[in-house]
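# Results of the structural survey
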Amino acid sequence: MTSTECLASCDCLQAPRLFTEHIQCALDQVKGETNWKAEIGDFNAGVFWTKQDSILDLLQKEVNKLSVSYSSKPFPKCKDAEKLFDGGTKCVLALVSSIYHLPLQQGQMLFGRWHRFYIVLLTTLLRCSETLWNSDTQSVAQSTGAIWELCSAVNNMPKDNKSSLVEKQKQVLELVNDALFELEEVTKTCPNESSEESSSQYDHSILIAGIGLVKTAKILLHKSLKSIQVNGHSETAQQVTDADTLGDVIDKTSETVDDFAVSLYSPVSVVEVRRTFKPLANHLSSLLAVFRESHFCTEQDVQWTTLLENAISHNDNKVSALVT
C-alpha cells in the first residue's frame with residue numbers, strides 16, 4: 001500500500017470514529033444528567049411511545065446498514081461512509097432527545113426502567129461502533145445482533161407505572177420462590193423428629209418455622225400482584241404515586257428474605273436467625289400496610305389481607321419462641 005492509499009484508508013475510518021465519539025458523548029450525557037423534567041404539561045403518552053418505536057425501528061435499520069457495509073472489505077469510501085454514519089448519528093440524537101420527553105410525573109419506576117434501558121442500549125451501540133472502526137469484522141454481526149435484541153425487547157417493556165410495578169414484582173416473586181425452593185430442599189436432608197440428636201431437631205424446628213415466614217412472603221407477593229394486575233391504573237397522579245410507593249417497598253423484599261433464608265441453612269445460625277427474622281416480619285407488615293392504603297386494594301382483598309396479617313404475626317411468634 002502506498003502512503004497515499006494508507007492515508008485514504010485512515011481517512012475512511014474518520015466517519016466511524018466520529019460516530020463512536022457521538023455515542024460516547026450521548027452516553028455520558030444520559031448517565032450524568034440529573035435535571036430531568038418533573039412535568040410536561042402537554043405530554044401525550046400515545047404520541048410519545050409511537051415516536052419511541054419509530055426511533056428504535058430506524059436505529060435497527062441504520063445499524064443493519066452499517067453492519068452490512070463493514071462486515072467485509074473493501075469498506076465504504078469516505079463520502080459513502082459519511083452518509084452511512086450520518087443516519088446513525090441522527091438516530092442517536094433523536095434517541096437522546098426522546099429521553100427528555102418522558103417526564104418524572106409518569107412515575108419514578110417507569111422513568112428509571114427506561115433510563116436504564118437507554119444506558120444499556122447506548123453502551124451496546126458504542127461497542128458496536130467500535131467494532132466497525134477497529135475493522136473487527138467477526139464481532140460486527142454479534143454486536144449488531146445485540147442491538148436488534150435490545151430493540152425487539154422494547155415490545156415487552158412497561159409503558160406506564162402500573163406495568164413497571166408488575167414487572168418488578170414478578171422479578172421479586174421469582175427470587176423469593178427460588179429462596180423458598182432451596183429451603184424446602186434443605187428439609188429433605190435434615191433429620192426427622194425421631195432423630196436422637198437434639199441439636200439437629202432444634203435446627204430442624206427453626207428451619208420449618210422459618211419456611212413458614214418465607215411462604216407468607218411468597219403468598220403476599222403473589223396475592224397482591226394479582227390485585228395490582230386487575231385493579232391497577234396509571235391515569236391519575238395518586239395512582240402513579242401508589243405504584244412508586246409500593247415499588248420502593250417491594251424493592252427491599254428479596255434482600256430481606258435472602259438475609260433471613262441464609263441464616264436457616266445447615267448448620268442453622270441462631271444468632272443470625274435472631275438478627276434477621278424480625279426485620280423480615282416487619283417488612284412484610286409494612287408491605288401489607290402500603291398495599292392496603294393503595295388503590296390496588298379493594299373490598300375483595302379484605303379477607304386475604306386479614307388472613308396474611310395474622311399469618312405474619314403467627315410465623316413471627318413461632319420463630320421468636322425458638323430463638324429468643
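Structure's up top.
Residues numbered from 1 in each chain as written. Predicted model: local features only at pLDDT ≥ 70, side-chain atom pairs only at ≥ 80, totals over all residues. Heavy atoms only, no water.

## As for the pattern of salt bridges
All chains considered together, the criterion is met by 9 salt bridges. The partner of R113 in a salt bridge is E167, with the nearest N and O atoms 2.7 Å apart. Within this pair, whereas R113 is found in helix α5 (residues 108–133), its partner E167 is found in helix α7 (residues 161–187), the two being separated by 54 residues in sequence. Using a relative accessible area of 19% as the deciding quantity, one classes E167 as buried. Across the salt bridge formed by K215 and E184, the nearest N and O atoms sit 3.8 Å from each other. Linking K215 in helix α8 (residues 198–231) with E184 in helix α7, this pair joins segments that are 31 residues apart in sequence. Classification of K215 as partly exposed rests on a relative accessible area of 38%. (Salt bridge = Lys/Arg side-chain N within 4 Å of Asp/Glu carboxyl O. Helix = DSSP H or I, 4+ residues; strand = E, 2+ residues; numbered from the N terminus. Buried < 20%, exposed > 50% of the residue type's maximum accessible area, 1.4 Å probe, protein only.)

## Digging into the nonpolar core
Counting residues in each nonpolar core, the largest one holds 46 residues, and the members touching the most others are L165, L246, F260 and V273. Taken together, the elements giving at least two residues each to this core come down to α7, α8, α9 (237–251), α10 (253–264), α11 (270–293) and α12 (302–323). Top element by residues in this core is α8. It accounts for 11 residues. For F260, the contacting residues outside a window of four places in its chain are G210, L213, V214, V273, T276, F277 and L280. Counting 43 residues, the second-largest nonpolar core is a separate cluster that includes F19, F43, A81 and Y118. (Core = buried A, V, L, I, M, F, W, Y, C linked by side-chain atoms within 4.5 Å. Contact = heavy atoms within 4.5 Å.)

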